[in-house]
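# A closer look at the structure
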Amino acid sequence: KQWYQRRVRGVKPGGGLMFTTINRTMTSWALAIIAAENIAGYVPPGTHDYHKLVPPQVLTGAIRDCGFEIEKIVGMRFNPLTRQWSKTSDLSVNYAVTARKIG
């Protein structure tokens, strides 16, 4: 909880924030760690620690505890052929959360 508090303390009431992160699922382990780090080499090996990945319910709970209202949660998908990101309803790998400070 302290990690989140340090990142949001400068947000004024009515202000917004956005977090993007990787979910902690077997799918994210396979795609974000094994494929992206070890096979495709998009990021250096060891960039991601599976145990530090954050499920959406943990992130949104921490954000709410810091006095924010969740506005939107959306999945993000990377296409390695086009090297483009797109939105998706699938939160199993990458996702984004937007929220607004209450008050």
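Description of the structure in this document. (Residues numbered from 1 in each chain as written. Predicted model: local features only at pLDDT ≥ 70, side-chain atom pairs only at ≥ 80, totals over all residues. Heavy atoms only, no water.)

### Observations regarding the sheet that holds strand S1 (residues 16-22)
Taken in spatial order, the four strands line up as S1-S4-S2-S3 in an open sheet, and their pairing is antiparallel. In this open sheet, the two edge strands, each paired with only one partner strand, are S1 and strand S3 (84-88). Neighbour-to-neighbour, the strand axes of this sheet turn through a mean angle of 30°, independent of strand direction. (Pairing = 2+ DSSP bridges. Helix = DSSP H or I, 4+ residues; strand = E, 2+ residues; numbered from the N terminus. Axes fitted to C-alpha atoms, helices over the stretch in contact; angles between N-to-C directions.)

### Here's the deal with helix H3 (residues 56-65)
All buried positions along H3 are accounted for by Pro 56, Leu 59, Thr 60, Ala 62 and Ile 63. For H3, the angular spread of the buried residues around the axis is 160°, confining them to a single face. Seen from the open side of H3, the exposed residues pointing more than 90 degrees away from its buried face are Gln 57 and Asp 65. At its buried positions, H3 is contacted by helix H1 (2-8), S1, strand S2 (68-79) and strand S4 (94-101). Of the residues flanking the end of H3, it is Gly 67, one or two places downstream, whose phi is positive at about 90°. (Buried < 20%, exposed > 50% of the residue type's maximum accessible area, 1.4 Å probe, protein only. Arc of directions from axis to C-beta. Contact = heavy atoms within 4.5 Å.)

### Here's the deal with the side chain of Asn 23
Looking at the secondary structure, you find Asn 23 in the loop between S1 and helix H2 (26-39). When residues no more than four places from it in sequence are discounted, the contact partners of Asn 23 are Ser 28, Leu 53, Val 54, Pro 55, Pro 56, Leu 91, Ser 92, Val 93 and Tyr 95.

### Some thoughts on the layout of surface pockets
Its volume calculated, the largest pocket comes out at about 510 Å³. Along its surface, the largest pocket is lined by 21 residues, and Leu 31, Ala 36, Phe 78, Trp 85 and Asn 94 are the ones closest to its centre. At the level of secondary structure, the elements contributing two or more residues to the lining of the largest pocket comprise H2, S2 and S3. Among the elements that make up the lining of the largest pocket, the one with the highest residue count is H2 (five residues). Of the residues assigned to the lining of the largest pocket, the class counts are 13 nonpolar, five polar and three charged. (1 Å grid on protein atoms, 1.4 Å probe; cavity = no way out; pocket = protein on both sides within 12 Å on 5 of 7 lines; lining within 4 Å. Points joined across faces, edges and corners; volume = space filled by probe spheres on them. Nonpolar A, V, L, I, M, F, W, Y, C, P; charged D, E, K, R; others polar.)

### Some details on unusual backbone geometry
The phi torsion of most residues other than glycine is negative, and most of the peptide bonds are trans. Of note in the backbone geometry, Arg 83 takes a positive phi value of approximately 60° without being a glycine. Following the sequence through the fold, Arg 83 ends up in the loop between S2 and S3. Residue classification places Arg 83 among the exposed positions, given a relative accessible area of 53%.

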